[in-house]
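Remarks on the overall topology
Take a look at the letters that make up each chain.
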Amino acid sequence: MRLIIEKNYEAVSLWTARYIAAKIAAFRPAPERPFVLGLPTGGSPLGVYRELIRLHQSEGLSFASVLTFNMDEYSGLGAEDPRSYHRFMADNFFSHIDIKPENTHILDGLAADSDAECAAFEQKILDSGGVELFLGGVGEDGHIAFNEPFSSLHSRTRVKTLTWSTRNANARFFGGDSASVPATALTVGIGTIMDARELLIIASGKNKAQALRNGIEGAVSHACPLSVLQLHRRSIMVCDEDAACALKDETVQYFKELEGLSCKSAEGIHEKPVS
């Protein structure tokens, strides 16, 4: 695992967007060999999306040969519902870049058979060759995607019941009414996320500090889904100083020293050998 500690949310977003852009450029995607990117929704990735849009519009970053798979969607919300993740992605990212609509994949919250929809989503990921890089955020309780605490670490895409704390955290997208947030969602599983060749998770703010501490310094446990990053061969956690405030001083020092010893790649992103 790599831990990148930046000063604030803006710096986290900038580092992350540039890292993703560098990965796409180095991959040299083509229609017959697309770059497969996993994406989240919510407040955490908004800064990343803004910077990726800027890189597309001002510096020529192309998404024409990029396939995307989103982490989740609320049960019962159609693609045109302004509260749906389909609309979130269109409004905040897809409509501002050159990605082809047919290359974007988001679970259908109105599917007549949710289990079949989830199975088909898993198959689409397999058919694409697998996710090259999965970007994600983390909840205050350590959940990733909608995999709440005590989700199986081997779980696959499925329908998941949401905790009240998660519904309350997402109430801002539903007029501030937690009761209006759907009680279930379709979500990729922890096992699905772990299949990606690289994981990149972002966290910002003191409200994420305990989750970060449990995920990085605690034991691997389904009580903190974020902790599964410890088992992935290529995982990166990018956080700001507020999110890192609960970490031990020696932990922070260790990772800062590692990054200080890293060499800059040709793309301008810190790289180091995988341990």
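Residues numbered from 1 in each chain as written. Predicted model: local features only at pLDDT ≥ 70, side-chain atom pairs only at ≥ 80, totals over all residues. Heavy atoms only, no water.

1. Concerning the confidence of the model for the protein chain
- Per-residue confidence for the protein chain gives a mean pLDDT of 94; residues scoring 70 or more make up 95%.
- When the criterion is pLDDT under 50, residues 263–268 qualifies, and its contacts beyond four places in sequence or with other chains add up to eight contacts. (pLDDT = per-residue confidence, 0-100. Contact = heavy atoms within 4.5 Å.)

2. Observations concerning the packing of helix H2 (residues 46–59) against helix H3 (residues 85–92)
- Direction vectors running N to C along H2 and H3 enclose 40°, while the axes themselves pass 10 Å from each other. It follows that H2 is oblique to H3 by the angle criterion. Across the interface between the two elements, Leu46, Tyr49 and Ile53 of H2 pack against Phe88, Met89 and Asn92 of H3.
- For the contact of H2 with H3, the residue count by class is five nonpolar, one polar and no charged. (Axes fitted to C-alpha atoms, helices over the stretch in contact; angles between N-to-C directions. Helix = DSSP H or I, 4+ residues; strand = E, 2+ residues; numbered from the N terminus. Parallel < 35°, antiparallel > 145°, perpendicular 65-115°, else oblique. Nonpolar A, V, L, I, M, F, W, Y, C, P; charged D, E, K, R; others polar.)

3. A look at the pairing of strand S6 (residues 133–137)
- Buried residues dominate S6, accounting for five of its five residues.
- Alternating residues of S6 divide into Leu133, Leu135 and Gly137 and Phe134 and Gly136, and every residue in both groups is buried.
- As paired strands, strand S2 (residues 35–39) and S6 are joined by two bridges and run parallel to one another. Among the inter-strand pairings, Gly38 is bridged to a residue of S6, identified as Phe134.
- The sheet contact formed by S6 and strand S9 (residues 199–203) spans four bridges and is parallel. (Buried < 20%, exposed > 50% of the residue type's maximum accessible area, 1.4 Å probe, protein only. Pairing = 2+ DSSP bridges.)

4. Details of the pattern of salt bridges
- Inspection of every chain in the model, using the stated rule, returns ten salt bridges.
- Of the charged contacts in the structure, one is a salt bridge between Glu51 and Arg54, with a shortest N-O distance of 2.9 Å. Placement of both Glu51 and Arg54 in helix H2 is noted, with a separation of three residues, approximately one turn of the helix.
- Looking at Arg54, the relative accessible area reads 31%, which means it is partly exposed. (Salt bridge = Lys/Arg side-chain N within 4 Å of Asp/Glu carboxyl O.)

5. Quick notes on the sheet that holds strand S4 (residues 72–74)
- Taken in spatial order, the three strands make up an open sheet running S4-S8-S7, and their pairing is antiparallel. In this open sheet, the two edge strands, each paired with only one partner strand, are S4 and strand S7 (158–161). Across the sheet, the axes of successive neighbouring strands diverge by a mean angle of 30°, strand direction being ignored.
- Sheet topology places S4 next to strand S8 (residues 184–187); three bridges connect them, and they run antiparallel. The residue of S8 that forms the bridge with Glu73 is Leu186.

6. Things to note about helix H8 (residues 249–261)
- Between the first and last C-alpha of H8 there are 18 Å, a value that for 13 residues agrees with the 18 Å anticipated at 1.5 Å per step.
- Along H8, the positions that sit buried rather than exposed are Thr251, Val252, Phe255 and Glu259. Taken down its axis, H8 places every buried residue within 95° of arc, on the same side. Exposed residues lying more than 90 degrees from the buried face of H8 are Asp249, Glu250, Gly260 and Leu261. (Expected span 1.5 Å × (residues − 1). Arc of directions from axis to C-beta.)

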